[in-house]
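Architecture and fold: a report
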Amino acid sequence: MAAYVGERPVPLSALTLEPEHSLLVQSYAPREMQSGVVNADGFGAGWYAPEVDVEPAVYRSTRPIWADRSFASIAPRVLSPAVFAAVRSATPGLPAEESGVPPFASGRYLFMHNGAVQDFRRSAMRRLRDALSDESYAGLLGVSDSETIFACLLDRLRDSPEAPAGALRRTVAHLFRICAELGVEATLNLGVTDGATMAFTRCSTSGPGNSLYFLEDAGAFRGGVAVASEPLDETPGWREVPDRHLLSTDRSGGVTLEPLNPSGAEAPS
(Lines give C-alpha, C1' and ligand atoms only; values in the text may rest on other atoms or scores of the structure.)
Protein backbone atom coordinates (compact mmCIF):
# COMPACT_ATOMS: atom_id res chain seq x y z
CA MET A 1 0.00 0.00 0.00
CA ALA A 2 1.04 3.61 -0.59
CA ALA A 3 -0.37 6.98 0.44
CA TYR A 4 0.29 10.70 0.24
CA VAL A 5 -1.03 13.81 1.96
CA GLY A 6 0.28 17.34 1.44
CA GLU A 7 -0.36 20.91 0.39
CA ARG A 8 0.79 20.17 -3.15
CA PRO A 9 -1.39 17.84 -5.25
CA VAL A 10 0.33 14.87 -6.90
CA PRO A 11 -0.90 12.61 -9.73
CA LEU A 12 -2.11 9.13 -8.84
CA SER A 13 0.72 7.82 -10.98
CA ALA A 14 3.29 9.30 -8.58
CA LEU A 15 2.46 6.41 -6.25
CA THR A 16 1.17 3.74 -8.57
CA LEU A 17 3.06 3.83 -11.89
CA GLU A 18 5.95 6.28 -12.16
CA PRO A 19 8.55 5.47 -9.42
CA GLU A 20 11.15 2.76 -10.01
CA HIS A 21 9.52 0.72 -7.22
CA SER A 22 5.93 1.86 -7.73
CA LEU A 23 2.91 -0.18 -6.72
CA LEU A 24 2.93 -1.51 -10.26
CA VAL A 25 6.41 -2.97 -9.70
CA GLN A 26 5.50 -4.13 -6.19
CA SER A 27 2.58 -6.06 -7.65
CA TYR A 28 4.94 -8.49 -9.41
CA ALA A 29 8.33 -7.91 -7.71
CA PRO A 30 7.88 -6.97 -4.05
CA ARG A 31 11.08 -6.85 -2.01
CA GLU A 32 9.81 -7.37 1.54
CA MET A 33 6.55 -9.27 1.16
CA GLN A 34 6.21 -12.00 3.81
CA SER A 35 3.03 -13.82 2.81
CA GLY A 36 3.44 -14.43 -0.93
CA VAL A 37 5.33 -13.55 -4.07
CA VAL A 38 2.94 -11.37 -6.09
CA ASN A 39 0.02 -8.99 -5.57
CA ALA A 40 -2.19 -9.92 -8.50
CA ASP A 41 -5.67 -10.15 -6.94
CA GLY A 42 -6.75 -6.59 -7.66
CA PHE A 43 -5.76 -3.01 -6.95
CA GLY A 44 -7.35 0.30 -6.13
CA ALA A 45 -6.82 4.00 -5.66
CA GLY A 46 -8.80 6.58 -3.70
CA TRP A 47 -8.30 10.33 -3.86
CA TYR A 48 -9.82 13.61 -2.72
CA ALA A 49 -10.92 16.64 -4.74
CA PRO A 50 -11.63 19.15 -1.93
CA GLU A 51 -12.94 21.75 -4.35
CA VAL A 52 -15.67 19.30 -5.41
CA ASP A 53 -16.58 17.18 -2.37
CA VAL A 54 -15.27 16.13 1.06
CA GLU A 55 -15.89 12.49 0.14
CA PRO A 56 -13.24 10.68 -1.92
CA ALA A 57 -13.43 9.11 -5.35
CA VAL A 58 -12.43 5.45 -5.59
CA TYR A 59 -11.24 3.26 -8.48
CA ARG A 60 -11.06 -0.48 -7.70
CA SER A 61 -10.54 -3.52 -9.87
CA THR A 62 -10.10 -7.27 -9.42
CA ARG A 63 -7.58 -7.28 -12.28
CA PRO A 64 -3.83 -6.95 -11.69
CA ILE A 65 -2.70 -3.35 -11.94
CA TRP A 66 -0.48 -4.20 -14.93
CA ALA A 67 -3.55 -5.33 -16.90
CA ASP A 68 -5.62 -2.17 -16.56
CA ARG A 69 -5.03 0.20 -19.47
CA SER A 70 -7.84 2.52 -18.40
CA PHE A 71 -6.16 3.23 -15.09
CA ALA A 72 -2.81 3.75 -16.83
CA SER A 73 -4.49 6.46 -18.90
CA ILE A 74 -6.26 8.12 -15.97
CA ALA A 75 -3.55 8.02 -13.28
CA PRO A 76 -1.14 10.67 -14.70
CA ARG A 77 -4.04 13.09 -15.27
CA VAL A 78 -5.72 12.96 -11.84
CA LEU A 79 -4.07 15.19 -9.22
CA SER A 80 -4.95 15.20 -5.54
CA PRO A 81 -3.58 16.44 -2.19
CA ALA A 82 -4.52 13.12 -0.55
CA VAL A 83 -4.20 9.68 -2.15
CA PHE A 84 -4.53 6.09 -0.91
CA ALA A 85 -3.57 3.21 -3.22
CA ALA A 86 -2.93 -0.51 -2.86
CA VAL A 87 -2.36 -3.78 -4.69
CA ARG A 88 -3.90 -6.94 -3.26
CA SER A 89 -2.81 -10.49 -2.60
CA ALA A 90 -5.98 -12.22 -1.42
CA THR A 91 -5.66 -14.09 1.86
CA PRO A 92 -6.10 -17.86 1.34
CA GLY A 93 -9.72 -18.77 2.03
CA LEU A 94 -11.05 -15.34 1.06
CA PRO A 95 -12.51 -14.67 -2.41
CA ALA A 96 -10.81 -12.45 -4.99
CA GLU A 97 -13.74 -10.07 -5.48
CA GLU A 98 -14.08 -6.30 -5.59
CA SER A 99 -15.55 -6.08 -2.07
CA GLY A 100 -12.15 -7.15 -0.72
CA VAL A 101 -10.01 -4.78 -2.78
CA PRO A 102 -8.54 -1.74 -0.99
CA PRO A 103 -8.86 1.10 -0.45
CA PHE A 104 -12.24 0.90 1.27
CA ALA A 105 -14.40 4.01 1.47
CA SER A 106 -17.23 5.24 3.68
CA GLY A 107 -18.31 8.86 3.92
CA ARG A 108 -15.18 10.99 4.07
CA TYR A 109 -12.87 8.13 5.08
CA LEU A 110 -10.54 5.84 3.14
CA PHE A 111 -8.97 2.74 4.69
CA MET A 112 -6.33 0.13 3.78
CA HIS A 113 -4.99 -3.03 5.43
CA ASN A 114 -1.75 -4.83 4.63
CA GLY A 115 -1.94 -8.10 6.53
CA ALA A 116 -4.38 -10.79 7.55
CA VAL A 117 -6.26 -12.32 10.45
CA GLN A 118 -5.42 -16.01 10.67
CA ASP A 119 -8.21 -18.29 9.39
CA PHE A 120 -10.52 -15.28 9.54
CA ARG A 121 -13.83 -16.82 8.44
CA ARG A 122 -13.52 -19.64 10.99
CA SER A 123 -12.04 -17.61 13.82
CA ALA A 124 -12.56 -13.88 14.37
CA MET A 125 -15.13 -13.06 11.70
CA ARG A 126 -18.23 -13.76 13.74
CA ARG A 127 -16.89 -12.19 16.96
CA LEU A 128 -15.90 -9.00 15.22
CA ARG A 129 -19.09 -8.69 13.19
CA ASP A 130 -21.35 -9.44 16.15
CA ALA A 131 -19.84 -6.41 17.92
CA LEU A 132 -20.60 -4.00 15.06
CA SER A 133 -23.29 -1.37 15.09
CA ASP A 134 -26.27 -1.97 12.81
CA GLU A 135 -25.03 0.80 10.51
CA SER A 136 -21.56 -0.67 10.08
CA TYR A 137 -22.88 -4.22 9.71
CA ALA A 138 -25.32 -3.14 7.00
CA GLY A 139 -22.45 -1.57 5.07
CA LEU A 140 -20.55 -4.85 4.68
CA LEU A 141 -20.49 -6.16 1.12
CA GLY A 142 -18.14 -9.15 1.37
CA VAL A 143 -16.38 -11.47 3.80
CA SER A 144 -12.84 -10.11 3.95
CA ASP A 145 -10.99 -9.42 7.17
CA SER A 146 -9.97 -5.97 5.87
CA GLU A 147 -13.54 -4.83 5.24
CA THR A 148 -14.58 -6.06 8.69
CA ILE A 149 -11.70 -4.20 10.34
CA PHE A 150 -12.76 -1.03 8.54
CA ALA A 151 -16.28 -1.50 9.92
CA CYS A 152 -14.82 -1.79 13.44
CA LEU A 153 -12.89 1.43 12.85
CA LEU A 154 -15.94 3.27 11.54
CA ASP A 155 -17.83 2.49 14.75
CA ARG A 156 -15.03 4.11 16.74
CA LEU A 157 -14.89 7.10 14.43
CA ARG A 158 -18.63 7.63 14.91
CA ASP A 159 -18.43 7.24 18.69
CA SER A 160 -15.97 10.08 19.19
CA PRO A 161 -14.94 13.32 17.48
CA GLU A 162 -11.26 12.37 17.93
CA ALA A 163 -8.82 12.39 15.02
CA PRO A 164 -8.53 9.18 12.97
CA ALA A 165 -5.29 8.28 14.78
CA GLY A 166 -7.08 7.86 18.10
CA ALA A 167 -9.83 5.72 16.60
CA LEU A 168 -7.22 3.60 14.81
CA ARG A 169 -5.36 3.00 18.08
CA ARG A 170 -8.56 1.84 19.78
CA THR A 171 -9.44 -0.40 16.85
CA VAL A 172 -6.07 -2.17 17.06
CA ALA A 173 -6.58 -2.73 20.79
CA HIS A 174 -10.01 -4.25 20.08
CA LEU A 175 -8.56 -6.56 17.42
CA PHE A 176 -5.70 -7.67 19.66
CA ARG A 177 -8.10 -8.53 22.47
CA ILE A 178 -10.36 -10.63 20.22
CA CYS A 179 -7.42 -12.42 18.58
CA ALA A 180 -5.86 -13.17 21.98
CA GLU A 181 -9.12 -14.63 23.27
CA LEU A 182 -9.44 -16.82 20.19
CA GLY A 183 -5.77 -17.78 20.02
CA VAL A 184 -5.26 -16.54 16.45
CA GLU A 185 -2.52 -14.37 14.98
CA ALA A 186 -2.98 -11.19 12.97
CA THR A 187 -0.83 -8.77 11.01
CA LEU A 188 -2.32 -5.31 11.22
CA ASN A 189 -0.67 -2.67 9.10
CA LEU A 190 -3.68 -0.36 8.87
CA GLY A 191 -4.14 3.07 7.30
CA VAL A 192 -6.97 5.62 7.47
CA THR A 193 -7.41 9.13 6.09
CA ASP A 194 -10.11 11.79 6.03
CA GLY A 195 -8.38 13.69 3.25
CA ALA A 196 -6.70 16.16 5.62
CA THR A 197 -4.97 13.82 8.06
CA MET A 198 -3.80 10.23 7.80
CA ALA A 199 -2.68 7.60 10.30
CA PHE A 200 -1.03 4.20 9.95
CA THR A 201 -0.16 1.35 12.29
CA ARG A 202 2.61 -1.18 11.90
CA CYS A 203 2.03 -4.12 14.21
CA SER A 204 1.24 -7.81 14.50
CA THR A 205 0.15 -10.08 17.35
CA SER A 206 3.31 -12.17 17.04
CA GLY A 207 6.72 -11.17 15.75
CA PRO A 208 7.63 -8.17 13.58
CA GLY A 209 4.84 -6.75 11.47
CA ASN A 210 4.90 -6.23 7.71
CA SER A 211 7.23 -3.47 6.54
CA LEU A 212 6.17 0.19 6.45
CA TYR A 213 8.11 3.33 5.49
CA PHE A 214 7.58 7.08 5.22
CA LEU A 215 9.18 10.02 3.41
CA GLU A 216 8.84 13.67 4.43
CA ASP A 217 9.06 16.62 2.05
CA ALA A 218 11.41 15.08 -0.50
CA GLY A 219 11.59 13.95 -4.11
CA ALA A 220 8.25 13.62 -5.88
CA PHE A 221 6.53 14.21 -2.53
CA ARG A 222 8.06 17.59 -1.66
CA GLY A 223 5.51 19.57 0.28
CA GLY A 224 3.90 16.49 1.81
CA VAL A 225 4.37 13.05 3.35
CA ALA A 226 4.34 9.68 1.59
CA VAL A 227 3.82 6.33 3.32
CA ALA A 228 4.40 2.97 1.65
CA SER A 229 4.86 -0.69 2.46
CA GLU A 230 8.17 -0.52 0.58
CA PRO A 231 10.08 2.64 -0.46
CA LEU A 232 8.78 3.79 -3.81
CA ASP A 233 12.13 5.07 -5.07
CA GLU A 234 15.75 5.70 -4.14
CA THR A 235 15.16 9.20 -2.79
CA PRO A 236 17.24 9.68 0.39
CA GLY A 237 15.07 10.09 3.46
CA TRP A 238 12.81 7.05 3.45
CA ARG A 239 12.56 5.89 7.08
CA GLU A 240 11.16 2.65 8.46
CA VAL A 241 8.23 2.85 10.89
CA PRO A 242 9.23 0.89 14.02
CA ASP A 243 7.24 -2.23 14.84
CA ARG A 244 4.20 -1.63 17.08
CA HIS A 245 4.05 2.08 16.33
CA LEU A 246 1.41 4.49 15.07
CA LEU A 247 2.28 7.16 12.50
CA SER A 248 0.16 10.26 12.02
CA THR A 249 0.49 13.30 9.77
CA ASP A 250 -1.54 15.96 7.98
CA ARG A 251 -1.37 18.30 5.01
CA SER A 252 0.87 20.76 6.84
CA GLY A 253 3.60 18.11 6.95
CA GLY A 254 5.53 16.60 9.81
CA VAL A 255 5.23 13.06 11.12
CA THR A 256 4.43 11.89 14.64
CA LEU A 257 5.46 8.37 15.69
CA GLU A 258 3.96 6.92 18.87
CA PRO A 259 4.39 3.48 20.45
CA LEU A 260 1.39 1.16 20.41
CA ASN A 261 0.43 -0.88 23.45
CA PRO A 262 -2.36 -2.86 21.80
CA SER A 263 -2.65 -5.50 24.51
CA GLY A 264 -4.29 -3.30 27.10
CA ALA A 265 -5.84 -0.16 25.66
CA GLU A 266 -9.59 -0.74 25.19
CA ALA A 267 -12.23 -2.22 27.42
CA PRO A 268 -14.29 -5.15 26.10
CA SER A 269 -17.22 -4.24 23.85
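Residues numbered from 1 in each chain as written. Predicted model: local features only at pLDDT ≥ 70, side-chain atom pairs only at ≥ 80, totals over all residues. Heavy atoms only, no water.

**Overview of helix H6 (residues 145-159)**
Its 15 residues place the ends of H6 22 Å apart at the C-alpha level, agreeing with the 21 Å of an ideal helix rising 1.5 Å per residue. Burial runs high along H6: 13 of the 15 residues are buried. (Helix = DSSP H or I, 4+ residues; strand = E, 2+ residues; numbered from the N terminus. Expected span 1.5 Å × (residues − 1). Buried < 20%, exposed > 50% of the residue type's maximum accessible area, 1.4 Å probe, protein only.)

**Here we look at the nonpolar core**
Across soluble globular proteins, nonpolar side chains show a tendency to be buried alongside one another. Val117, Leu153, Leu188 and Leu190 are the most contacted members of the largest nonpolar core, which has 35 residues in total. Broken down by secondary-structure element, the contributors of at least two residues to this core are strand S6 (109-117), helix H4 (125-130), H6, helix H7 (164-182) and strand S7 (186-193). Counting residues per element, this core draws most heavily on H7, which supplies eight residues. The residues contacting Leu188, other than those within four sequence positions of it, are His113, Asn114, Ile149, Leu175, Phe176, Thr201, Cys203 and Ser204. Core analysis: the second largest hydrophobic core is formed by 26 residues, Leu15, Phe43, Ala218 and Phe221 among them. (Core = buried A, V, L, I, M, F, W, Y, C linked by side-chain atoms within 4.5 Å. Contact = heavy atoms within 4.5 Å.)

**Focus: unusual backbone geometry**
Residues Pro102 and Pro103 are joined by a peptide bond in cis, for which omega reads 0°. For Asp119, which is not glycine, the phi torsion reads 50° and is therefore positive. Along the chain, Asp119 falls in the loop between S6 and H4. Classification of Asp119 by relative accessible area gives partly exposed; the value is 45%. A positive phi angle, near 45°, is found at Asp217, a position not held by glycine.

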